[in-house]
Amino acid sequence: MEKVIEVKNLTKEYKKGTKAVDDLSLEVYKGEIVGLLGPNGSGKSTTINCILSLLKYSSGSIKVFGKEMNPDSYDIKSKIGVVFQDVSVFDELTVYENLDYFCGLYIKDKAKRKELVEEAIELVGLQDFKKYRPKQLSGGLLRRLNIACGIAHKPKLIFFDEPTVAVDPQSRNNILSGIEKLREEGATIVYTTHYMEEAEILCDRIIILDKGTVLASGTSDELKELADIEEKVTVEVNDLDEKYIAKISDLKNVDVVTYSGNILLITYKKGKNNISDMVEFLKNNRIKYNKIFSERPTLNDVFLELTGKELRD
Amino acid sequence: MFLHNFKYTLKTLFRNRSLLFWTFAFPLIMATFFHMAFADITEDEQLKTIDIAIVNNNEFNNNMLYKQTFNTLSDDNNEDKLFNITYTDREDAKKLLEDKKIEGYLELNNNTPKLTFQSNGINQTIIKYVVDEIHDTEKMISSMKTDMKSGMNSINTNVCNYVEAKEIELKDTANDNLNYIIIEYFTLIAMTCLYAGSVSMVSINKTLPYLTGKGKRVTVAPTKRSIIIFSSLLASFLVQLLTLGLLFVYLLGVLNVEFGCNVGLMVLLSLVGSLAGVALGLLVGTFVKATENSKTGIMIAITMAGSFLSGMMGVGMKYQIDKNLPLLNKINPANMITDGFYALYYYTDYSRFWFNIGSLLIFISIAVILSSRKIGRARYDSI
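Small disclaimer: the values here were computed from a predicted structure and weren't measured. Numbers given for residues are sequential positions, taken from 1 along each chain in its written order. For this description, chains carry letters from A and ligands carry numbers from 1, given in the order in which they are written. In keeping with the model being predicted, local features are shown solely for residues with a pLDDT of at least 70 and side-chain atom pairs are shown and tallied solely at 80 or more, while totals for entire chains, interfaces and linings include all residues. Hydrogens and waters are ignored; side-chain quantities use all the structure's heavy atoms.

**Considering the overall build of chain A**
Strands are runs of DSSP state E lasting at least 2 residues, helices are runs of H or I lasting at least 4, and numbering of each runs from the N terminus. For chain A, the helix and strand inventory stands at eleven helices and 14 strands. Throughout, exposure labels follow a simple rule: accessible area from a 1.4 Å probe, protein chains only, divided by the maximum for the residue type, with under 20% read as buried, over 50% as exposed, and the rest as partly exposed. For chain A, with 313 residues in total, the buried portion stands at 52%. Taking the intrachain contacts of chain A between residues at least 6 apart in sequence as the baseline, contacts between residues at least 24 apart amount to 66%. Computed with a 1.4 Å probe, the accessible areas rest on the Shrake-Rupley method; for each residue, only the protein chains presented here act as cover. Here chain A displays about 14,600 Å² of accessible surface, and carbon together with sulfur accounts for 46% of that area. Think of it this way: Lys and Arg go in the positive column, Asp and Glu in the negative one, and His and the chain ends go nowhere. A single reference atom marks each charge: NZ on Lys, CZ on Arg, CG on Asp, CD on Glu. Here chain A carries 46 positive and 51 negative side-chain charges, and the mean point of each set is 3 Å from the other. A contact between two residues is defined here by any heavy atoms of the two lying within 4.5 Å.

Take a look at the structure:
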């Protein structure tokens, strides 16, 4: 498969000695959506800024579309679109003018540009807001404009740097479906987020970062295999006696039992029918409960397993 | 690409309301205030002369510079007569001062002027200013005499006499036209020139990836940064030219300010001054890491401070800085512009004017070189 991005042993060390990225290597292939998942400060944005040649890096090599990426690699840059984390548009220009300006940095032909701008507006659902200034838009609409400015020129490789931070659910769905559509049109996408649900829904492959290094990478299912648990059963129950917790710990397949507030959490390393066994136990001991549900391990559990801390810490 | 960025830079600048206020409206408002305030001052000055006394001792009578200057300034035939002078002895002068019949009196002792006042006020300031001017001139002439004695004894007397006579003549001539108010208008034009900095700073902010998200967007685009930066600065300069044009039309056409006959050189100085403003904005925009609003505030503060030091709120400030901190005014672009206008207005010799033009060009070059080194970095250490 064609490599679109190839990063080898990338290290970015700041003058004070802090390593934002530490010997990081990754590859992105044509047509896939790759998620860079990690908590704030894990090196996601720094990695992207190094790939885009915005930041100096201490060592390593970066190739994009098979060529060394440099600040004056205009042929490579013309194929790249970037949606930055912060909304980066002109308050003085209308929605249409913002798009026309940024698209115009890539596309000289006015007629073609007009067509592309209209398409981008349609993609993000801003048809009714073309003449609005950014200050007249809601937070969600503003995020959509921010995205449209990054993708209007139809790039082959698009970086999305946490595009859904602080957006309403409707805009989030619009953004995620827009990204799916861009992939369907043939774009390769690098998507950074600290929302594991988004990464699971959207990404073909996920690279988990922490402290500037790659902890693990693979599909969502492959990563979940890394977690040391098979199943989690959560029971909402009031005033559970200590003796029952000890009894539950002795049940088949049970690994860890915790009871905090009114939430009883039982993790299992293996086995089947764990939830039905638990329902049976509760019934036999006449323990009243409000609800009970079972979960497969999440990416957060994988992260917890790998780092000892929560993804959102 | 050049025209695309140029067009949109103009659009963003013309739709930036706070920028429009500071660049277009504020200088016109200031000019209007100056006009209203100075109209009153001129009328007052025409009506009032200041009563002073001079101790009529031998030293004063033998000092031609003091004697002739005060004769001129108290001449009834002089339209700009400044003083009513009573020549008397020290005791009588004291009594006149105690009786509040005079504002102060001057006594020359050991070549040093001594002024005695009972209170402080505008009249006392004027008296002191005149005496300081004469004293400084006298020292300058004395210094020239000393220098020349060392090697040019034969021409010493003639040259010094010529200089001395010329100085006195210059004083007389200047007095006929002396119009300190015009300096206020010069500082206003200088301030307007430097406001080009606010415009260029706003336009340059959008190109810097370490300052704004827009800068990141522009930097990752396949467009040469030099084209983006140059077209942005050119758009800023165009806005500045319109600002200056409007100000000149208002000053000359509406307020009827008399700037003399060197309009061509005034325009040249304004253009170079505006370029200095653009360069100042480039410098601040490039080096100061702050929000756009904070940077606009910083830019306005620099401009206002520079204008203040060059005499916007009173010519005395320019005089004091020239006298006590000359280096500050030498590196203050507002003063370079003001002083250039001043030189055009008061002197027939253009050397001081060209010196200021040269200083501004040096300032522009330094600002552009420093900014280019910062902007021109291919990649940044941090953004």
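**Points about the overall build of chain B**
Regarding its fold elements, chain B presents 17 helices and four strands. In chain B, which comprises 383 residues, the share counted as buried stands at 49%. Considering only contacts within chain B whose residues lie at least 6 apart along the sequence, 73% involve residues at least 24 apart. Just so you have it, chain B exposes about 18,400 Å², and 59% of that area is on carbon and sulfur atoms.

**Concerning the pattern of salt bridges**
Close approach of charged atoms allows side chains of opposite charge to pair. A pair is scored as a salt bridge if a Lys or Arg side-chain nitrogen falls within 4 Å of a carboxyl oxygen belonging to Asp or Glu. Taken as a whole, this structure holds 23 salt bridges over all chains when the rule is applied. Note that glutamate 162 of chain A is salt-bridged to lysine 44 of chain A, the shortest N-O span being 3.3 Å. Of this pair, glutamate 162 of chain A sits in the loop between strand E7 (157–161) and helix H6 (169–184) while lysine 44 of chain A is found in helix H1 (residues 44–51), placing the two residues 118 residues apart along the sequence. Taking relative accessible area as the criterion, glutamate 162 of chain A reaches 3% and is therefore assigned buried. On the basis of relative accessibility, which here comes to 3%, the residue lysine 44 of chain A falls in the buried class. Between lysine 95 of chain B and aspartate 99 of chain B there is a salt bridge, with the nearest N and O atoms lying 3.1 Å from each other. The class for lysine 95 of chain B is partly exposed, based on a relative accessible area of 48%. The structure contains a network of salt bridges with shared partners spanning Lys3, Glu6, Lys8 and Glu27 of chain A.

**What about the interface of chain A and chain B?**
Accessible area lost when the parts come together is the quantity often used to give the size of an interface. Of the residues lining the interface, 37 residues belong to chain A; the matching set on chain B comes to 29 residues. Regarding the contact of chain A and chain B, the summed buried area is about 3,200 Å², with carbon and sulfur atoms giving 60% of it. The term buried area means the drop in 1.4 Å probe accessible area that two parts suffer when joined, counted for both and summed. Together, Leu54, Tyr101 and Leu105 of chain A form the three largest contributors to the area buried by chain A at its contact with chain B, with a combined 21%. Linking chain A to chain B there are two salt bridges. In protein, a polar contact means a hydrogen-donor-capable atom and an acceptor-capable atom, both N or O and within 3.5 Å, with residues adjacent in sequence counting only if both atoms are side-chain atoms; elsewhere, any N or O pair within 3.5 Å suffices. Our enumeration of links across chain A and chain B arrives at eleven residue pairs in polar contact (both at pLDDT 80 or more).

**Some details on unusual backbone geometry**
Residue and element names in this part refer to chain A. One non-glycine residue, glutamate 162, adopts positive backbone phi at about 45°. Unlike most non-glycine residues, aspartate 239 shows phi in positive territory, near 45°. Assignment of secondary structure puts aspartate 239 in the loop between strand E11 (231–236) and helix H9 (242–249).

**Section: the domain arrangement of chain A**
An automatic or database domain assignment supplies the residue ranges for each domain. Each assigned domain of chain A is listed here: domain 1 (3–225) and domain 2 (231–296). Centre-to-centre, using C-alpha coordinates, domain 1 of chain A lies 42 Å away from domain 2 of chain A.

**Some details on the pairing of E11 of chain A**
Residue and element names in this part refer to chain A. Counting buried positions along E11 gives five out of six residues, so the element sits mostly inside the fold. Pairing between E11 and strand E13 (residues 263–268): six bridges, direction antiparallel. Residue threonine 234 lies in a different strand from E13, and its bridge partner there is leucine 265. The criterion for strand pairing is that DSSP finds at least two bridges linking the strands in question.

**A look at the packing of helix H9 (residues 196–205) of chain B against helix H11 (residues 225–254) of chain B**
Residue and element names in this part refer to chain B. Each axis is a line fitted through C-alpha atoms, and for a helix only the stretch in contact is used; angles between axes span 0 to 180 degrees, taken between their N-to-C directions. Viewed as axis vectors pointing N to C, H9 and H11 meet at an angle of 150°, and their least axial separation amounts to 9 Å. Viewed along their axes, H9 and H11 adopt a mutual orientation that is roughly antiparallel. The hand of the H9/H11 crossing is right-handed. When H9 is examined against H11, the residues Ala196, Val199, Ser200, Ser203 and Ile204 are found in contact with a partner set consisting of Ile229, Ser232, Leu233, Ser236, Val239 and Gln240. Of the residues assigned to the contact of H9 with H11, the class counts are six nonpolar, five polar and no charged. Angle categories are assigned with fixed cut-offs, so that under 35 degrees is roughly parallel, over 145 is roughly antiparallel, 65 to 115 is roughly perpendicular, and the rest are oblique. Throughout, a crossing is termed right-handed when the near helix is turned clockwise from the far one, and left-handed when it is turned anticlockwise from it by less than a right angle. For this classification, the nonpolar set comprises Ala, Val, Leu, Ile, Met, Phe, Trp, Tyr, Cys and Pro, the charged set comprises Asp, Glu, Lys and Arg, and every other residue, Gly included, is treated as polar.

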